[in-house]
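This is what each chain is made of:
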Amino acid sequence: MKNIKVSKSVLLISLLSIILIISCNKKDEASVSINNNSTYVSNPDNIYHKTYTNVVKVQGKFVNMNAYSFADREEGEYNENDDIFSAIQNRSLKRVMELIEEGEDINQTYDYSDTIYSEFMNDDYAANGTTPLIFAVFYRDLGIMKYLLDNGADPYITDNDGWNAFLWACGTGNVDVIKMLVQADPNLVDSQNMYDANGLHMAALNDNIEVFDYLVNTLGMDINSTDEDGDGVLYYANDDETIEKLKELGAE
């Protein structure tokens, strides 16, 4: 009887060893489980299997988006006569909220022929056909962006030149602006204008060097993507510094 027990123990140990070997050799695929506001990402390249908040899947990989906090936002000067575009220019989230709550069209377009000046890019841009969301992107106001997105603003609406909010963000925004849009809809990364130029082309066109690395290495945009005429990012670039940075990232 004793010999039988020993044999069973040996058999059990052997079986467990085989299972362990198979488990170690098996390459698990990444999996995602969502619980309330947290997302658990199990990835074979991440042995710690962490729990993130605001994780989105962009071009086949998982990207952790940091949550935005309104705590440090500085409210602009309030003016009861401001329309929604003026309110955004004046950085008044309170006025924007009032207008939307009163029934203002959140996806209306700016139909004036004005150009607007970007303090961030030190240049003037045509604002024809832009939406309140695009205006908020242009002024890099994350608070107003968040409010508009949470209340039904459509990031896919394009201006008269075929630029949507994501393309504007790549051209004139920063990483946080782009991140908020991708968090709202990961598919925005595939946006193109009427000439099939994408966000990376728009960033190159506007010499927005600060977003190149994020677009390529985090969002996975192809550094050698081309528009409908076969022109790549180097064709769109203007400054030597821009060209140098794009080449560092692999542009040809």
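This is a predicted model, so every value here is computed, not measured.

1. Some remarks on the pattern of salt bridges
Then, number 1: The final tally for this structure, using the stated rule, is six salt bridges.
Then, number 2: In this structure, the salt-bridge partner of Arg 95 is Glu 98, at a minimum N-O distance of 3.3 Å. One end of the pair is Arg 95 and the other is Glu 98, both in helix H3 (residues 93–101) and three residues apart, which spans about a single turn.
Then, number 3: On the accessibility criterion, Arg 95 (9% relative accessible area) is buried.
Then, number 4: Note that Lys 146 is salt-bridged to Asp 150, the shortest N-O span being 2.7 Å. Separated by four residues within a single helix, Lys 146 and Asp 150 lie in helix H5 (residues 142–150), roughly one turn from each other.
Then, number 5: Look at Asp 150 and you get exposed, because its relative accessible area is 52%.
Then, number 6: Among the ionic contacts, a cluster of salt bridges with common partners joins Arg 91, Glu 119 and Asp 141.

2. Quick notes on the packing of aromatic side chains
Then, number 1: Under the counting rule described, the total for this entry stands at eleven aromatic pairs.
Then, number 2: Ring centres 6.0 Å apart and planes at 50° place the aromatic pair Phe 135 and Tyr 139 in the tilted group. Neither Phe 135 nor Tyr 139 differs from the other in exposure class; each is buried.
Then, number 3: Of the aromatic side chains, those joined through ring pairs into one cluster are Phe 85, Tyr 110, Tyr 112, Tyr 125, Phe 135, Phe 138, Tyr 139, Trp 163 and Trp 168.
Then, number 4: The ring of Tyr 78 carries the charged tip of Lys 94 above its face, separated from the ring centre by 5.3 Å.

3. So, unusual backbone geometry
Then, number 1: The phi dihedral of Arg 91 is positive, around 60°, even though this residue is not glycine.
Then, number 2: With respect to the helices, strands and loops of the structure, Arg 91 is situated in the loop between helix H2 (84–89) and H3.
Then, number 3: A relative accessible area of 24% places Arg 91 in the partly exposed class.
Then, number 4: Not every positive phi belongs to a glycine, and Arg 140 is a case in point at roughly 55°.
Then, number 5: As for its placement among the helices and strands, Arg 140 is situated in the loop between helix H4 (132–138) and H5.

Thresholds, definitions, all that
- Residues numbered from 1 in each chain as written.
- Predicted model: local features only at pLDDT ≥ 70, side-chain atom pairs only at ≥ 80, totals over all residues.
- Heavy atoms only, no water.
- Salt bridge = Lys/Arg side-chain N within 4 Å of Asp/Glu carboxyl O.
- Helix = DSSP H or I, 4+ residues; strand = E, 2+ residues; numbered from the N terminus.
- Buried < 20%, exposed > 50% of the residue type's maximum accessible area, 1.4 Å probe, protein only.
- Phe/Tyr/Trp six-rings, centres within 6.5 Å; stacked < 30°, edge-to-face > 60°.
- Lys NZ or Arg CZ within 6 Å of the ring centre and 35° of its normal.

Function cannot be inferred from these measures alone, as they are strictly geometric.
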